[in-house]
Each structure stands twice: as C-alpha cells, then as structure tokens.
There are 2 protein chains.
Amino acid sequence: MSHDSDTGAIRREVTVADVAGAAGVAKATAARALGDYGAVSDSVRDRVLAAADRLGYRPNALARTMSTGRSNTLGIVVGDIENPFFAQATRGASDVASAAGLDFILSNSDEDPVVEAQAIAVQLAKRVDGLLLAPASSVDPTNLRSVIDAGRPVVLFDRVVEGVEVDAVIAANRSGARTATRLLLDAGHRRIALISTLEHDDVYRAGAMLTMSSVAERVDGFVSALADAGVADPASFVHLNARRDGVDTIARRLLTDGSGITAIIGSDSLIALQVFRVARELGLGIPTDLSLIAFDDADWTWVSTPGVTVMSQPIHEIGAEAARLLLRRVRGDVAPPVVRVLDQKLIERGSVAPPRR
Amino acid sequence: MSHDSDTGAIRREVTVADVAGAAGVAKATAARALGDYGAVSDSVRDRVLAAADRLGYRPNALARTMSTGRSNTLGIVVGDIENPFFAQATRGASDVASAAGLDFILSNSDEDPVVEAQAIAVQLAKRVDGLLLAPASSVDPTNLRSVIDAGRPVVLFDRVVEGVEVDAVIAANRSGARTATRLLLDAGHRRIALISTLEHDDVYRAGAMLTMSSVAERVDGFVSALADAGVADPASFVHLNARRDGVDTIARRLLTDGSGITAIIGSDSLIALQVFRVARELGLGIPTDLSLIAFDDADWTWVSTPGVTVMSQPIHEIGAEAARLLLRRVRGDVAPPVVRVLDQKLIERGSVAPPRR
DNA sequence: GTGAAAGCGCTAACAG
DNA sequence: CTGTTAGCGCTTTCAC
C-alpha cells in the first residue's frame, strides 16, 4: 500500500473517465453507476463500483453542480457563531439540512452590513441552493435584495427586513418583552431598565427606528408595558449601544447614580451575565436590591445564585423551522411568503422580587 | 428597475460570455478583466466592468475552481458546533481564513467516526483546499488517512491521531490535569473523581487505551498525579461514559454512596455545570462539602456562587493557529509536520478548599 | 493587448 | 441498457 503523503501537492484526481477506462465501459455508463442515476445493469454497476473503489475515485461535487445547476448545499449567514444563540440556531438548521441530504456552508457577518454583503456574495458564488440569513439590518434591504435578485430562495431568521416580503422565522419578542416587563411591574417595580447592545445613533426616543427588528420588538413591548402601567417617559428607560459603551459601565451607572433603578432586563444572556456581575461587585443582592430578567435560557442562569428568571426562546427550532421553509422553496414551492412567529416562554427562577423601596 | 422576485426559479445566470458580448470584446478578455488576471488595457477593463455591473454579473466560483483547481476554501469538521469549545475554535479559525481571503465550510461529526467520514467526503467533494479536523477517534486513523490519501493538506486540532504524522494544535492537557489534581491534593483531598463523557467499553483501568487523545492526556495526568501522591488504585477514580450514564447520575452516586469523594474534576465545563447543580440539589456546599474544578473558562464559572476554579485553554488560539498551519500547507510548505502544544492556565476562584474530613 | 480554441469533471440528450 | 456528443462557466495556452 503506497501513501504519497510526503508530497504536499494535490494529486491528479481520479475521474469518471479513469474509472470507465478501468471498468471497460463508456464514460456515461460509469457516470450513471457512480452517480446512481439512469439505468445500469447490475453486472456493469458492480464492475464500475469495484474499479472506482480500487482507483480511489472521489466524485467532484463542483463538476456535478456545474452540469446540474444544483449544489445540494444550503448556506447560512449568522452574526457570530460564537454567540450561543447563533450556535444553537445553526445546529438546528444544520440538522434539518443533513437529514435532507444537503450540505451546509456557514459565514459570519459580524452584524455588519458590509461584511454581510461579502458573505452573501461568497455563498452565491458557491451557488448554494438556498440561503438562511439573520439580517444585520432590518431597515436596509440592500443585501437581502441582492440574493432575491440573484433568484435564490432565502429565509430570514430571528429578524425580518422591513418592506421585503420573504419567508422568516422569528420569536414573539414584543409579547415576550411585555410579559417580562409586566412580571416586574406586578412585583411593584416602577423604575426598570432595558439594556441592549444594539447600535443606535442617539439616545433612544419613543418611536425611534431601530435597525434590528428583534430588538425593536423587545423595546416596543417593554415601552408599551411601562406606558400601560402609567410610568412616565418610558423611553428613557431604554439603554442601547451597550457594546460600545460597555454593559458593565451602563449597569454600574444605572445602579449608582441615584436614578433609582430597581430592576433590569438584559436583552440577551450575555448582557444579563455582566449585569449580574456588576451587581455582585457593587454588593447589591439579587433579588433583594435588584431584580433581573434575561432573554434566552442560558446554562448559567440556573447555576447562579439565585437562578435567573428568563424569557426563553425556542432557538433550536427557530433554526430548524427556517431550514424547513427554505427546503420547500428550494424544492420549488411558490406559495406566498410566510412569517412564522414562535412563542417565548417565561421561566421563573429566583431573580425577581418586590423592590426594597 | 425590474425584480422578478416573484418567480422562485433560479434565473439563467449572467456569464462572462454575456458580459463580453455587451462590452464588445472576446470572452477571454472579459474574463481577464473580471477575474483580475492577465493583462488588460484600462479602457477595455472599464468597459467590461461597466457592462458586468449593468448586467448584474456574479462570478461562478465553482467554474473558477473547475479550471484552476483551487477552491479558495478551507473546511472544518467539528464534534458539535453547539459546544462552546468548538464554537470558539471555529471562530478563531474562520477569522484567520477570512483575513487570508479564504472561505470556510463547516460540518459536524457528532463525534461519530461514521458521520465524520461522511462529513469529510462532502468537504473533499467540494474540493476544499485544506481541512481542519478535530478527529472523532485518536486511535482509528482511517478517516484521517482518507484525506491524506486524497492529497489534501489537513491539520488536526484539540486531538492527535496515533501513528499518523500530521500537523496538529493541541493543549497541554496532561500537565493541565496534573496541575489541577495537585491543587486538590495540596488542599488535602485524597478521594478525587474525574468525570468525562468519553465513551469507553469498560470501566477504566490503568493504561487502558482511550479513543480521544485530549481526554486520554487528561486522565493520564490525573492518574499520575494521584499515584505520585501515593493514592491507592488511582484508576478507580476515573469515571467515563458520562453521556451514556448521565453526568448527574454519576455525580449523585459519587456523592451519596459513601465512597467519600471530596473533590471532582469535570473534564469540560458542561460536566462541571451538572456536578454543580447536583451538589446544590443534594444540599452540599461548594467548597465546604465538595471541591470542584472544571476544564475551560466558561462564562458561568465566574457568576456561580462560588466562582469555579478552572483550567483554562486558549481555545480561540487553538483554532486560529491550526488555521495558520493549514494556510502554510495550502501554500505549498512541505516542512515536516509539527505538533503545536499550547499551555493551559489555572484560574483560581472559590470552588476549592480543604476537605471537611 | 486581444482573440480563438481547448479543457476542467460531470450530466443530459439522443441514438442505437 | 449502453455509447456518443454536447455543453455547464471559467481559465489557460497559444497565436496574432
């Protein structure tokens, strides 16, 4: 047995023609046996397969795509695969894809429309059959348009894009935020802060247009719940740009500047984690001095002391359902676009209590 | 401006020939301008680029790969992208790849050699220029051999494969485990358990061959540290198959069956998380009743009460360095294979104290 | 600098 | 059932 592993060079590949030659049949016949299509007699098939095996034939998926036009591949563009939300959604989607016999290509957008455009270009260049996209911007449709114009099926997840009719799978963020906010309100809190890392040019003002629909919905649910409860100037309780300004900085300010904040909602679990730490550093007890609710049922929320009350999303299912919708399109379904809204679920643990004052 | 977004079908793509026609030049010339190679006069280039833009030309990366033989793509096969370890390593590798202008394809192996073989086949079929692999088995070289035989550069990460000389980036697991174990020993513990999810046919016995080198190294460091300290039958303190048997079941048994275990090392942060919870459910205080050390510096380990002492690995860098090594190979470097061993670092928090008895 | 033609590995259409 | 012949969209000689 000879290994030429010592040469770094890529060997000349064994092709259908080689196999055909070795098996003593025509190229097309070998191709049919190898590609498992068309009609081939058992005896010939066996001969071809044996030859292929002997020669170490490996199909060239690219050449196949070239002639069929189908790559048998789905693409996904996420904000950042390190974010547990995207990791789980990706896994959900990838499971559906591989169950359907499709391959999967992943790109990160860093939540930056420019990087996203590049990522999309790559995926289209590789001729993915369809694309899963968590759009970096819900207000600028340019990137989404580019894939639609290319004629590729696309399904959004986690966020929608305004003014573009396309399949999407999102969570019920507005009602989730309302529920979370009301839990705090019902416990007696009146000064509740919402912290998000979403970038925004300005201080948040009522009705301002936010660039990410999921966050916008969360903010909207939050503000409307406060308003319903008669809280004055609810918009002033929304704190954006937490990545730029630092979650810990914001949390620290909120908890020490006499603004009287008694409860905080973290727009994702990473934010809540930071708040949790700041509270501890400040010697503030949870939930005695501060009540806390996080979005997403992250691992740590049930080992912290106290456990953190969370608004949980069916993350896996968001990815899986998006992939299912995409599969339909890839298979030619031309029904009108649907937006699937999946429920969020409140999981109460120990981080909410009435405010001290 | 016309959008035929209403048709789900993939439109006939705009090709180099189309652009050439529109620009009034030969196909080859257009291709040179578009592909940015060869020599083209400025005026012609401008004309071609303008035409391309007008027609909405998008290069077909597959066709390009067909003729050049290079796909400009790196592949990675991980155990499970939902595992934070792999998510971080993947991100590290992906950043290096995209900085070098290469695309990135991801597959999950589920730590199953059969699934892994399939994943590798897919990547090779897509003609990736090189492959990053966290091999599902360190003792069965079949899958790794298949990519080497295909002549593709490959770099392993997190684990090595016995008997195969190939580039790899791993962590210093043996010494890390020794350090962690000694910390416990020095605190006075004598009955320390190590829990891992690694599958193994039997109860662990001294010198048994484990199928994943990273875990094998951890176990070896652990056992040798115990032996050095004069602990009798150190192998009996190793508990494998924790996925099959349930981490919580194992932990519960260890802590209630009178075996007198006073400290536990979790072979990854997910395991430690479960142990943490079981301890709490059992009403055991950490570190008063049980000392705990985890591998990997997960988020939750610094918000739990107490914080968990961890053996941290440079996960990002493992992925990044593996990608760098791979890039070299892809570029033709034929130097002998190297195995890069990155240090682990002990981060002491509050989960270790002397045993009660 | 530009053009014409061949070919990458595969599938598809059409004969036989 | 099997073979022949064209391409898929691009790059790459090799002429001019």
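Every value quoted in this text rests on a predicted model; they were computed, and no experiment measured them.

Definitions and limits used
- Residues numbered from 1 in each chain as written.
- Chains lettered and ligands numbered in written order.
- Predicted model: local features only at pLDDT ≥ 70, side-chain atom pairs only at ≥ 80, totals over all residues.
- Heavy atoms only, no water.
- Salt bridge = Lys/Arg side-chain N within 4 Å of Asp/Glu carboxyl O.
- Helix = DSSP H or I, 4+ residues; strand = E, 2+ residues; numbered from the N terminus.
- Pairing = 2+ DSSP bridges.
- Contact = heavy atoms within 4.5 Å.
- Axes fitted to C-alpha atoms, helices over the stretch in contact; angles between N-to-C directions.
- Buried < 20%, exposed > 50% of the residue type's maximum accessible area, 1.4 Å probe, protein only.
- Lys, Arg positive; Asp, Glu negative; His and termini not counted.
- Near = heavy atom within 4 Å.
- Polar contact = N/O pair within 3.5 Å; in protein donor to acceptor, adjacent residues only side chain to side chain.
- Nonpolar A, V, L, I, M, F, W, Y, C, P; charged D, E, K, R; others polar.
- Least-squares fit on C-alpha atoms with pLDDT ≥ 70 in both.
- Expected span 1.5 Å × (residues − 1).
- Phe/Tyr/Trp six-rings, centres within 6.5 Å; stacked < 30°, edge-to-face > 60°.
- Lys NZ or Arg CZ within 6 Å of the ring centre and 35° of its normal.

> Quick one: what's the story with the pattern of salt bridges, residue by residue and with numbers?
For the structure shown, the criterion picks out 42 salt bridges over all chains. In this structure, Asp228 of chain B and Arg178 of chain B form a salt bridge, with 2.8 Å as the shortest nitrogen-oxygen distance. Here Asp228 of chain B, found in helix H9 (residues 213-228), pairs with Arg178 of chain B, found in helix H8 (residues 173-186); they are 50 residues apart in sequence, far enough to count as distant. A cluster of three or more residues bridged by salt bridges with shared partners is formed by Asp80 and Asp110 of chain A together with Arg91 and Asp95 of chain B.

> I'd like a rundown of the sheet that holds strand E7 (residues 238-239) of chain B, residues and numbers included.
Residue and element names in this part refer to chain B. An order of E7-E6-E8-E9-E10-E12 is seen for the six strands of this open sheet, with the pairing classed as mixed. The sheet is open, and its two edges are formed by E7 and strand E12 (345-347), each paired on a single side. By the bridge criterion, four bridges tie strand E6 (residues 192-195) to strand E8 (residues 263-266) in an arrangement that is parallel. Note that in E8 the partner of Ala193 across the bridge is Ile264. The strands touched by helix H11 (residues 247-256) within the sheet are E6, E7 and E8, with E6 carrying the most contacts at an inclination of about 170°.

> Run through the side chain of Arg218 of chain B, naming residues and quoting values.
Considering the arrangement of structural elements, one finds Arg218 of chain B in helix H9. The buried charged residue Arg218 of chain B lacks any salt bridge, with Asp296 of chain B as its nearest oppositely charged partner at 5.2 Å.

> Could you give an account of the pairing of strand E5 (residues 168-171) of chain A, with specific residues and numbers?
Residues and elements named next belong to chain A. Burial along E5 is two-sided: the residues Ala168 and Ile170 and Val169 and Ala171 are all buried. Judged from the two bridges that link them, strand E4 (residues 154-157) and E5 form a sheet pairing that is parallel. Within E5, the position partnered with Phe157 by the bridge is Val169. The sheet contact formed by E5 and strand E11 (residues 339-342) spans four bridges and is parallel. Bridging from a neighbouring strand, Ala168 pairs with Val339 of E11.

> Quick one: what's the story with the protein's contact with DNA strand C, residue by residue and with numbers?
Looking at DNA strand C, there are 26 residues lining it, with Val16, Lys27, Tyr57 and Arg64 of chain A together with Thr29 of chain B nearest. Within 4 Å of the protein, the contacting atoms of DNA strand C are drawn from sugar and phosphate to the extent of 64%. Contacts to DNA strand C include Arg64 of chain A, whose side-chain N or O atom sits 2.6 Å from a phosphate oxygen. One of the backbone nitrogen or oxygen atoms of Ser41 of chain B is found 2.7 Å away from a phosphate oxygen of DNA strand C. Only helix H2 (27-35) and helix H4 (61-68) of chain A together with helix H2 (27-35) and helix H4 (61-68) of chain B provide two or more residues apiece to the surface near DNA strand C. Among the residues forming the surface near DNA strand C, the class breakdown is 15 nonpolar, seven polar and four charged.

> Provide a residue-level description of the relation of the copies chain B and chain A, including the pertinent values.
Aligned on chain A, chain B shows an RMSD of 0.2 Å; the corresponding rotation is 180° and the shift along the axis is 0.1 Å. When the rotation and shift are considered jointly, the pair of chain copies conforms to a two-fold rotation axis. Comparing interface residues between copies, 100% of those in chain B also lie at the interface in chain A; the contact surface is shared.

> Just give me the short version of helix H8 (residues 173-186) of chain A, but keep the residues and values in it.
Residue and element names in this part refer to chain A. Helix length check: H8, at 14 residues, gives a terminal C-alpha distance of 20 Å against a target of 20 Å (1.5 Å per residue), a fit within 8%. Residues of H8 that are buried include every one of Asn173, Gly176, Ala177, Arg178, Ala180, Thr181, Leu183, Leu184 and Leu185, and no others. One or two steps after H8, the chain reaches Gly188, where phi turns positive at roughly 110°.

> For the sheet that holds strand E8 (residues 263-266) of chain A, give the residues involved together with the corresponding values.
All names here are of chain A. A sheet is described by the order of its strands in space; here six strands give the open sequence E7-E6-E8-E9-E10-E12, paired in mixed fashion. In this open sheet, the two edge strands, each paired with only one partner strand, are strand E7 (238-239) and strand E12 (345-347). In this structure, E8 lies alongside strand E9 (residues 291-295), joined through four bridges in parallel fashion. Bridged to Ile265 within E9 is Ile293. Sheet strands touched by helix H9 (residues 213-228): strand E6 (192-195), E7, E8 and E9. Its angle to E6, the strand with the most contacts, is close to 170°. Taken strand by strand, helix H12 (residues 269-281) contacts E6, E8 and E9, and its axis lies near 155° from that of E9.

> Mind laying out the packing of aromatic side chains, listing which residues take part and the relevant values?
Given two aromatic rings, their pairing is described by the distance between the two centres and the angle made by the two planes. All names here are of chain A. For the coordinates displayed, the defined rule picks out six aromatic pairs over all chains. A ring pair is formed by Phe85 and Phe86, whose centres lie 5.4 Å apart and whose planes are at 85°; its orientation type is edge-to-face. Each member of the pair Phe85 and Phe86 is classed as buried. Pairing Phe86 with Phe157 gives two aromatic rings, centres 6.3 Å apart and planes at 85°, and the pair type is edge-to-face. A residue pair is termed long-range when its members are at least 10 positions apart, and Phe86 in helix H5 (residues 84-99) and Phe157 in strand E4 qualify at 71 residues. Across this residue pair, the class does not change: Phe86 and Phe157 are buried. Looking at Arg218, its charged tip hangs above the ring of Phe295, at a distance of 4.0 Å from the centre.

> I'd like a rundown of the protein's contact with DNA strand D, residues and numbers included.
For DNA strand D, the set of nearby residues contains 25 residues, the closest of which are Thr29 of chain A together with Val16, Lys27, Tyr57 and Arg64 of chain B. Here, DNA strand D places atoms within 4 Å of the protein, and 63% of those atoms are sugar or phosphate. Arg32 of chain A places a side-chain nitrogen or oxygen 2.7 Å from a base nitrogen of DNA strand D. Taking Ser41 of chain A, its main chain carries an N or O atom lying 2.8 Å from a phosphate oxygen of DNA strand D. Those elements giving two or more residues to the surface near DNA strand D turn out to be H2 and H4 of chain A together with H2 and H4 of chain B. At five residues, the largest contribution of residues to the surface near DNA strand D is made by H4 of chain B. Considered class by class, the residues forming the surface near DNA strand D number 15 nonpolar, seven polar and three charged.

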